[in-house]
Amino acid sequence: MENVVIIGSGCAGWTAALYTARADLQPLLVTGKHPGGLLTTTSIVENFPGFPEGVDGFELMTRMQKQAERFGAKTTFGMVDAVDFSKRPFTLTIDGEKVEAKTIIIATGAGHKHLGVEGEAMLETKGVTYCATCDGALPHFRDKPLVVVGGGDSACEEAMYLTRFGSTVHLIHRRDSLRASKIMADRALANPKIKPIWNSVVTEVLDVKQDKVTAVRLKDIKSNIESTLECSGVFVAIGHVPNTSIFKGAIEMDENGYILRKEGSRTNVEGVFVAGDCSDHVYRQAVTAAGMGCAAAIDAERFLAAETK
């Protein structure tokens, strides 16, 4: 019987593990299939407090893991296959094995939607990125033409942020107008550095042979004419998908699959708490995820303490 099982090994998960371990709860953290989460795909993190020179995303998550384990957190490298939140203690199936837990902290994060085009996966972290706030200030994007793919608020925000660094920001959208809120769209289109390319989709990211982004191949969806646009970076901003499908029917979510929070980190299931990007579609930053992990750990600790009185 585990006091706390934490599902997910990103900033939220490891921070929750650190706090519950320091509370002598001996938490069990289940890493999932991508130990360290999305941050491990970021070559350098420059906006996490305490690292003035920046820190490699993989290194940051490794440090968090070591810090949590130093205080007694246990780690299992595996996947949660199924959950039963219908009664306590809760039952998890981890790689086919049943585990019982008094409390659960869900910190499964969210994944970026991908374009699914040739060259995208091969050039990830080599010019293809999914977070302008994370990567936009990197040296190889400065004073270079950049591409943002998308037409919503996130795409507009990313494009405006990138105007601080790139020489030109091409905003590629499959429609002839942005679907962002009017104020965001107006602000983006008024920026002289942002050049919209309408009715177009990216069909390939170049150049895998050079092992870096040099251009994108575009297709006009009305005329079917293809063209090549030179750039040094491709920022994909077409949305996120929370990693919550396993909890469908077991816990309250919104229409997009984000787990709904009640007071603090509490969910509608007593004893189940949530932290990080699987319940946050607004900020999606490493530091906010860590803060939510701290909150979930404190809530779980207080929940267990109240039960033992």
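Everything numeric in this text was worked out from a predicted model, so none of it was measured. (Residues numbered from 1 in each chain as written. Predicted model: local features only at pLDDT ≥ 70, side-chain atom pairs only at ≥ 80, totals over all residues. Heavy atoms only, no water.)

*Asks:* Would you take a moment to explain the nonpolar core for this structure?
*Replies:* Taken as a class, soluble globular proteins show a tendency for nonpolar side chains to be buried jointly. In this structure, Cys-11, Phe-48 and Ile-105 are the most contacted members of the largest nonpolar core, which totals 34 residues. Secondary structure elements with two or more residues in this core: β1 (2-7), α1 (11-22), α2 (57-70) and α6 (286-308). The dominant element in this core, judged by the number of residues it contributes, is α6, at nine residues. Each residue touching Phe-48, except ones within four places of it in the same chain, is listed here: Cys-11, Leu-60, Met-64, Ala-286 and Val-287. Grouped together as the second largest cluster of nonpolar side chains are 23 residues, Ala-137, Phe-141, Ala-159 and Phe-165 included. (Core = buried A, V, L, I, M, F, W, Y, C linked by side-chain atoms within 4.5 Å. Buried < 20%, exposed > 50% of the residue type's maximum accessible area, 1.4 Å probe, protein only. Helix = DSSP H or I, 4+ residues; strand = E, 2+ residues; numbered from the N terminus. Contact = heavy atoms within 4.5 Å.)

*Asks:* Can you help me understand the packing of aromatic side chains in this one?
*Replies:* Remark: the centre distance and the inter-plane angle together describe each pair of aromatic rings, the angle taken between the planes. With the rule as written, the count across this model stands at six aromatic pairs. On the basis of an interplanar angle of 75° and a centroid distance of 5.5 Å, the ring pair of Phe-85 and Phe-90 is categorised as edge-to-face. Using a relative accessible area of 8% as the deciding quantity, one classes Phe-85 as buried. Judged by relative accessible area, which is 1%, Phe-90 ranks as buried. Judged by centre distance (5.9 Å) and plane angle (75°), the rings of Phe-273 and Phe-303 are edge-to-face. Pair noted here: Phe-273 is in strand β17 (residues 272-274) and Phe-303 is in helix α6, with a separation of 30 residues, a long-range link. Phe-303 matches Phe-273 in its accessibility class, with the two residues each being buried. (Phe/Tyr/Trp six-rings, centres within 6.5 Å; stacked < 30°, edge-to-face > 60°.)

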